[in-house]
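What the coordinates show
What follows is each chain in one-letter form.
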Amino acid sequence: MASTPDINIDRDQGDFHYDTSYEFDAGVGLNETTIDYIVDVKGEDEWIREFRKRALKVFWDKPNPTHWASKELEKIDFSKIRYYLSKGQKASRSWDDVPEDVKKTFERLGIPEKERAYLAGVEAQFDSEASYSNMKEELSKEGVIFVGPTEGLKEHGEIFKKYFGKVIPIGDNKYSALNSAVFSGGSFIYIPPGVKVKQPLQAYFRINAENFGQFERTLIIADEGSEVTYMEGCTAPKFETSTLHSAVVELVALKNAKIQYITVQNWSSNVFNLVTKRGMAMEGAEVKWIDCNIGSKLTMKYPGVIMRGEGARGEVLSIALAHDGQHQDTGSKMIHAANNTTSNIISKSISIGKGRSTYRGVVSMPKNLKGCKNNTECDALLINTNSRTDTYPAITVRGQNNTTQHEASVSKVSAEQIFYMMQRGLNEGEAMSLAVNGFVNDLIREFPMEYSVELKRLIDLEMEGSVG
Amino acid sequence: MTDTITQNIPPLSDENAFNARHAVFGIQSESLKARQTAAWNTFRELPYPTRTSETWRFASIKAIKEIERFAPSAFETVERPDLVERSKRISSVSGRFIFADENLIAAREIDPELEAKGVIFTTLIDALNNHQELVEKYLLQQSPELGSEKFESLHIAMLRTGVFLYVPKGVEIKAPFVVYNWAVQKDTAIFPHTLFVCDENASAELVEFQECAQPETEHLVIANAHVYAESGSRPCHTILQNWNRKTLSFQLNTSNAQRDVNSRGVLINVGSAHTRQEIHGKIFGSRADVNIFSLNIARGDQEMDQRTLQTHIAPNSRSDLLFKNALLDQSKTIFSGLIIVEPDAQQTDAYQTNNNLMLSDQAEANSLPGLEIKANDVKCSHGATSGKIDDSNIFYFLSRGIPRKKAEELMVFGFLEEIIEKIENEELSDYVRSLVQQQLIDQL
């Protein structure tokens, strides 16, 4: 089998940097003035100012969780980060309104204009503010709201205020507090009862200024019986100093609703990606996280589901790939808070070179519940002799009418497999790549087609030069 | 029967407790004294674990903080023929020690033939007097390093006696050595210490029975046990923890395995109000096979908190851990296990399993099975399950005319039998079986 150059993607595509003149810039560092600045520029309500300031206090009070997490966190210098940047434009309604230089950035990122026809709505995030937003008319007619947080809280406050900051409270952790203090950008989505959005909603996120942290805030509410899939893809240019990305994503699936949230994270390898993601599933509802982590220096992300209503379901499917210098600290939290709730966690990780991947999970059935079930599987693949993997699950079960099972295994690609493939004409790198793709294949199949293709390419790319 | 220990040692909260304890009979070693003084200071300086301490996750810290109200036992000779009479759990033994509050209450027993072969089975006091070099090579050299540094320091500071078992090169012994530790005087603290050295190609079994004289007296026990398995040896160490259900107990263990070792550690837990156990198995040599098993029956409001660590330092060895818990009433168990495979430990096979059988609606089982793998050519897995007796299995019994109660009983015994059958000594496994039945008979 010949090598397949046509599926190689140009990873340097993200390695560029335009000199963009920022019209609004909150400066470097973080204090109450930064928050006043953000609130004033955005024209937000007073209660948001209070909310942000309260969060700032919590952020300062909370220590870095280094008693269990990586000491790398101490390397983040919060005084050297820009907390707010904006081109100053309002969310545009048509592509023509988007400034030319911003368009150029998207062009290079590969967000083609023609995709608009396919995508239901595009929220392409350029730095902190949504610079482009388009929704198909029929979705608007059905009452679907797809806006940024500023617009969402201002114009649809009656819908979003109820759940904003409720699934993930300010004090959940240090970085959710930080996000609550300085959030800007992100998506606020409301799906009315019974509406089943056929095509996935998408947003592209982008970091585009040195030392600039991105703090987007996403809240998706799926009303009774509705269904929605949301896709989030990340790319970032390479920078010389570390950047911080700290998002908060809250999902609310009301009775019998279904939310599927897909992430492909491919930040450049100097980004701290510290994200809090949690969904709440009411009676009969389902929240499913599909999470793929390939980039960043350190990712700490544990998508969770709180199963509040009887018969709710939570699922996390995750793939992590850790290369030299990377630490993918990912996992899941499943909180069973009602009878007959079920959850499933499948996590696969691949460590290459000196890369380190960690699974950290919580499964909790704390009250006297009945009929709750959890299944957790963690498989780790180690490619090189100095690769590292860790697994730290915590399972709490109370009462006799619930079941949990947890299984984890660690393995390497067997010499027999490689030998078999090389005998049939593949070189060692291709054989290894194929074996790794085989390892994650059953999970990748769960991804939407375009993502699974991109993922396979990314894995091929990451595997290059990892053997020998 | 005399039972008149006068309380002349103040409780642990008093800074004089250390000197008062050292004024009474026990180990008189100058070199050790310095270490003990330092340990006492460490104990007093180290903070208690808090709710956010990672090594104490899910544990109830409140009970732990009560240790300072206990006063160290005072080593007065007592005659307790009743306890000697009760110290007959196994009849065929190679040697026997019976302690009541760390006090010898019966003459040391050892098979003279074994003593002639160089086997040493004595108190730590005698061992330090007569075999100082040998003992000092091993004494207090290892620590479980799993979060109980404060309590380990207290144990070291208060160490006044204990048992030393040394099996010389190539000596293989079938009948077990047995140690009975009885806690007698209420509101006292005892600090049993066990040092078991199995020299090259030797094999032996050590069994420890831990019980209280009365069911309602309150005790603090901080016990340490350290096993050193030299190349090619086959040590087996079993602890039957059956302190009364008012006792707060700690069991801090380590085992070191050199190459070609085949070792087995078994922990049976039915007693204590609250027990914290730390077990660290280190594998320094290749082709070692290290096995750790535990059977726990928790009922009432008992809390059993077990933390284990399997560290593979050398390549090409195997370790296996199986902990099975049966939970009744409002009991709580914590299993926190970790396998560490160091970068040089290629070709490691390491396994870890925790199964919780939930027999009540209020019981709570916590499992934290962890892996830290730094080498790639390894086979490692862990599994943790929690659940109740499978209905389809009960149905199978019912359809064959076996009543539900009996069926459930059989299922529970079957669940626990997997650990009991790891105990090779038949007399001992029969005793454990009867102990398990006693715990469950009125419950199911």
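As a reminder, the structure under discussion sits directly above these lines.
Just so we're clear, the structure is a prediction, and the values are computed from it rather than from any experiment. Throughout, a residue's number is its position along its own chain's written sequence, starting from 1. Key to labels: chains lettered from A, ligands numbered from 1, both in the order written. Residues qualify for local features only when their pLDDT is at least 70, as the model is predicted, and side-chain atom pairs are given and counted only at 80 or more; totals for whole chains, interfaces and linings, by contrast, use all residues. As a rule here, side-chain values come from all non-hydrogen atoms in the structure, and water together with hydrogens is ignored.

Looking only at helices and strands, chain A has 11 helices and 23 strands in total. The contact criterion used throughout is that any non-hydrogen atoms of two residues lie within 4.5 Å. Here the analysis covers contacts within chain A between residues at least 6 apart in sequence; of these, 83% occur between residues at least 24 apart. All accessible areas in this document rest on Shrake-Rupley with a 1.4 Å probe, and a residue is counted as covered only by the protein chains that are shown. For chain A, the exposed area adds up to about 17,800 Å²; of that, 48% sits on carbon and sulfur atoms. Secondary structure elements are defined from DSSP: runs of H or I of at least 4 residues count as helices, runs of E of at least 2 residues count as strands, and each element is numbered from the N terminus.

All names here are of chain A. Axes here refer to lines fitted to C-alpha atoms; in helices the fit is confined to the stretch in contact. Angles between the N-to-C directions go from 0 to 180 degrees. Axis separation between helix α9 (residues 415-423) and helix α10 (residues 428-444) bottoms out at 9 Å; the angle between their running directions is 125°. Considering the angle they form, α9 stands oblique to α10. Once α9 is placed against α10, the crossing between them reads as right-handed. Together, Q417, I418, M421 and M422 of α9 and E428, A431, M432, L434 and A435 of α10 make up the contact between the two elements. Comment on the angle field: the value is read as roughly parallel under 35 degrees, roughly antiparallel over 145, roughly perpendicular from 65 to 115, and oblique elsewhere. Note on convention: near helix rotated counterclockwise from far helix by under a right angle means a left-handed crossing. Clockwise means right-handed.

Here we come to the interface of chain A and chain B. With 35 residues of chain A in contact, the opposing surface of chain B contributes 37 residues. Summing both partners gives a buried area of about 2,800 Å² for chain A against chain B, and 45% of it is carried by carbon and sulfur. Note on definitions: salt bridges are taken to be side-chain nitrogens of Lys or Arg within 4 Å of carboxyl oxygens of Asp or Glu. In this structure, the connection of chain A to chain B is made through three salt bridges. Between E372 of chain B and R388 of chain A there is a salt bridge, with its nearest N and O atoms 3.5 Å apart. Any N or O atom pair separated by 3.5 Å or less is treated as a polar contact, with the protein-specific requirement of one donor-capable and one acceptor-capable atom, and with residues adjacent in sequence counted only for side-chain atom pairs. On the surface where chain A and chain B come into contact, there are 19 residue pairs in polar contact (both at pLDDT 80 or more). Every element with two or more residues in the side of chain A that touches chain B is listed here: β22 (388-398) and β23 (403-412) of chain A. If one sorts the elements of the side of chain A that touches chain B by residue count, β22 of chain A sits on top with 11 residues. Of the residues in the side of chain A that touches chain B, the class split is 11 nonpolar, 19 polar and five charged. The pairing criterion for strands is at least two bridges between them, as found by DSSP. Of the pairings in the sheet, the one linking β23 of chain A to strand β22 (residues 379-387) of chain B comprises seven bridges and is antiparallel in character. Accessible area, probed at 1.4 Å, shrinks when two parts are joined; the buried area is that loss added up over both. Polarity classes work like this: nonpolar for Ala, Val, Leu, Ile, Met, Phe, Trp, Tyr, Cys and Pro, charged for Asp, Glu, Lys and Arg, and polar for all others, with Gly in that last group.

Our focus in this paragraph is the packing of aromatic side chains. Within 6.5 Å between ring centres, the rings of Phe, Tyr and Trp (the latter by its six-membered ring) count as paired, and their orientation is classed by plane angle as stacked under 30 degrees, edge-to-face over 60, tilted in between. Scanning the entire structure with this criterion turns up 25 aromatic pairs over all chains. Between Y83 of chain A and F215 of chain A, the aromatic rings sit 5.5 Å apart at their centres with planes inclined by 20°, giving stacked as the arrangement. Pair noted here: Y83 of chain A is in the loop between α2 (46-61) and β2 (85-86) and F215 of chain A is in the loop between β7 (201-206) and β8 (217-222), with a separation of 132 residues, a long-range link. On the basis of an interplanar angle of 10° and a centroid distance of 4.8 Å, the ring pair of Y180 of chain B and F209 of chain B is categorised as stacked. Separated by 29 residues along the polypeptide, Y180 of chain B in strand β7 (residues 177-183) and F209 of chain B in strand β10 (residues 203-212) bring together distant segments of the chain. Here's how the labels work: a residue is buried when its accessible area is under 20% of the maximum for its type, exposed when over 50%, partly exposed in between, all with a 1.4 Å probe on protein chains only. The exposure class assigned to Y180 of chain B is buried, which follows from its relative accessible area of 1%.

Our next topic: the packing of helix α10 (residues 404-420) of chain B against helix α11 (residues 426-441) of chain B. Residue and element names in this part refer to chain B. Where α10 contacts α11, the two axes come as close as 11 Å, and the packing angle between them is 145°. Helix-helix and strand crossings are classified by hand; for α10 and α11 the assignment is right-handed. Contacts between α10 and α11 involve E409, V412, F413, L416, E417 and I420 from the first element and S429, V432, R433, V436, Q437, L440 and I441 from the second.

Just distances and angles here, no functional claims.
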